[in-house]
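The lines below spell out each chain.
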Amino acid sequence: MTSWLDTSPALARLGPSERALLTDLTPMEMPRGAVLFRPGDAVQGFVLVLSGRVEVFLTGANGRELMLYAVEPGQTCVQTTLGLLGEATYTGEAIASQSAQIVLVPRATFLRLMDSSPAFRSLVFSAMAVRMEEVIRLMERVSFQSVESRLAGWLLARAEAGRVAATHAEIAAQIGSAREVISRRLDAFARRGWVRTERGLVEIRDAAALRRLDAVAEAG
C-alpha cells in the first residue's frame, strides 16, 4: 500500500526511521476557502501541502490585505516553521485558494526530527531560505515598483488563454495595493485598449503593452 510519503518528493530523502515517525499521520482534505490559521492562533504542527494551494496573507490595521506567499505541493509554510522553532503565534492568515490535501506533523514529532534527522533539518531550512528570499523580493516590489508595473506583471503571469479570473479586491491583495487603486489602474488600462474588464474577470487585449510596462520596472 502506497503511503502519502511516497507522493511528496520533498520527503524522498528521509530514511526508514524518520519515515516511521510520519507514516501513520493521516492527510486532511481542506475545501476551497477553508482557513488553516488566523493571527494569534498557536502553531499546532508542521504543515505539509500534498496537493492544492494555500495562500498566506497579512492584514493591516486599515483592513488592506497583502499576500505574502503561496504554499503548493512540496513547499512549506515559513510562518509555521518560525512558530514551531520560536514558539510564536501566527501573525498572518492562511486560506486554501484551491481544494487542498495537507498533513499536519505534530509539534513533538517535528522537534524530534529537527533534533535527530539531518535530512529533515535540511528540508526545513532549505525551504525556509527559499521562502524568505521570495518574501524579500515581494517587499522590494511593493516598496520600489509602481502599482502599474506590478499590476501588468501580475496579469501576465496569471493569465490563462489571455484571461484572468479575479476580483479587484483579490488582485489588490496579491500585489499589495488597495481595491480602489486597482480599479482605477484597470480602468486606465482599459481606456488604452490594453485590457477589457468585467465583474471578476480581466481579459488581456494588448499583452505587448503590458510586457513593456513590466520590462520598464525590471530594468529600473
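Every chain is numbered independently, its residues counted from 1 as its sequence is written. A pLDDT threshold of at least 70 governs which residues receive local features in this predicted model, and a stricter bar of 80 or more applies before side-chain atom pairs are shown or counted, although totals over entire chains, interfaces and linings include all residues. Where side-chain values are given, they derive from all heavy atoms of the structure, hydrogens and water being excluded.

The term nonpolar core refers to a set of buried residues drawn from Ala, Val, Leu, Ile, Met, Phe, Trp, Tyr and Cys, joined through side-chain atoms within 4.5 Å. Each residue is placed in one exposure class: buried if its accessible area under a 1.4 Å probe, protein chains only, is under 20% of its type's maximum, exposed if it is over 50%, and partly exposed if it falls in between. Formed by 40 residues in total, the largest nonpolar core has its most connected members in Trp4, Leu22, Phe46, Tyr69, Phe110 and Phe120. Of all the elements, helix α4 (residues 118-144) adds the most residues to this core, at six residues. The criterion used for residue contact is that any of the two residues' heavy atoms lie within 4.5 Å. When sequence neighbours within four positions are dropped, the list of residues in contact with Phe110 reads Phe46, Leu84, Leu85, Val105, Phe120 and Val124. Counting from the N terminus, the helices are DSSP H or I runs at least four residues long and the strands are E runs at least two residues long.

What follows concerns the sheet that holds strand β5 (residues 65-71). In a beta sheet, neighbouring strands pair by backbone hydrogen bonds and run either parallel or antiparallel. In this description, strands pair whenever DSSP reports at least two bridges between them. In spatial order, the strands read β2-β6-β4-β5; together these four strands make up an open sheet with antiparallel pairing. Sheet topology places β2 (35-37) and β5 at the edges, where each strand pairs with a single neighbour. When strand polarity is set aside, the average angle formed by the axes of neighbouring strands in this sheet is 30°. Between the N-to-C directions of two axes lies an angle of 0 to 180 degrees, each axis being a line fitted to C-alpha atoms and, for a helix, fitted only over the stretch in contact. Against the sheet, helix α6 (residues 168-175) makes contact with β4 (54-59) and β5, and its axis sits at roughly 75° relative to β5, the strand it touches most.

A few words now on the UniProt feature "domain: HTH crp-type" (unreviewed entry) in the chain. UniProt positions are given in the numbering used here, feature names are shortened, and annotations may be inferred rather than shown by experiment. Those places that UniProt annotates as "domain: HTH crp-type" (unreviewed entry) correspond, in this numbering, to residues 145-208. For residues 145-208, the helix share is 55%, the strand share is 17%, and the end-to-end C-alpha distance is 19 Å.

Attention now goes to the pairing of strand β6 (residues 93-96). Taken together, the two bridges between β2 and β6 define a ladder with antiparallel strand orientation. Residue pairing across strands places Phe37 opposite Ala94, the latter belonging to β6. Note that β4 and β6 share four bridges and pair antiparallel. Pairing of Val54 across the sheet is with Ala96, part of β6.

Running from N to C, helix α2 (residues 78-86) and helix α3 (residues 107-116) cross one another at 80°; their axes reach a closest spacing of 11 Å. Between α2 and α3, the interaxial angle falls into the category roughly perpendicular. Across the interface between the two elements, Gly83, Leu84 and Leu85 of α2 pack against Arg107, Phe110, Leu111 and Met114 of α3. Its residues assigned to classes, the contact of α2 with α3 comprises five nonpolar, one polar and one charged. For this classification, under 35 degrees means roughly parallel, over 145 means roughly antiparallel, 65 to 115 means roughly perpendicular, and everything else is oblique. Basically, the charged four are Asp, Glu, Lys and Arg, the nonpolar ten are Ala, Val, Leu, Ile, Met, Phe, Trp, Tyr, Cys and Pro, and anything else, Gly included, counts as polar.

Unlike most non-glycine residues, Glu87 shows phi in positive territory, near 55°. Inspection of the secondary structure assignment puts Glu87 in the loop between α2 and β6. By relative accessible area, which is 69% here, Glu87 ends up exposed.

Below, the discussion takes up the sheet that holds strand β1 (residues 28-30). If you walk across this open sheet you meet the three strands as β1-β7-β3, and the pairing is antiparallel. The sheet is open, and its two borders are formed by β1 and β3 (45-51), each paired with just one other strand. Taking the axes of each pair of neighbouring strands and ignoring which way they run, one obtains an average angle of 35° across the sheet. Summarising the sheet, β3 and strand β7 (residues 100-106) pair through six bridges and their orientation is antiparallel. Across the sheet, Val49 pairs through a bridge with Ile102, a residue of β7. Docked against the sheet, α3 engages β3 and β7, running at close to 70° with respect to β7.

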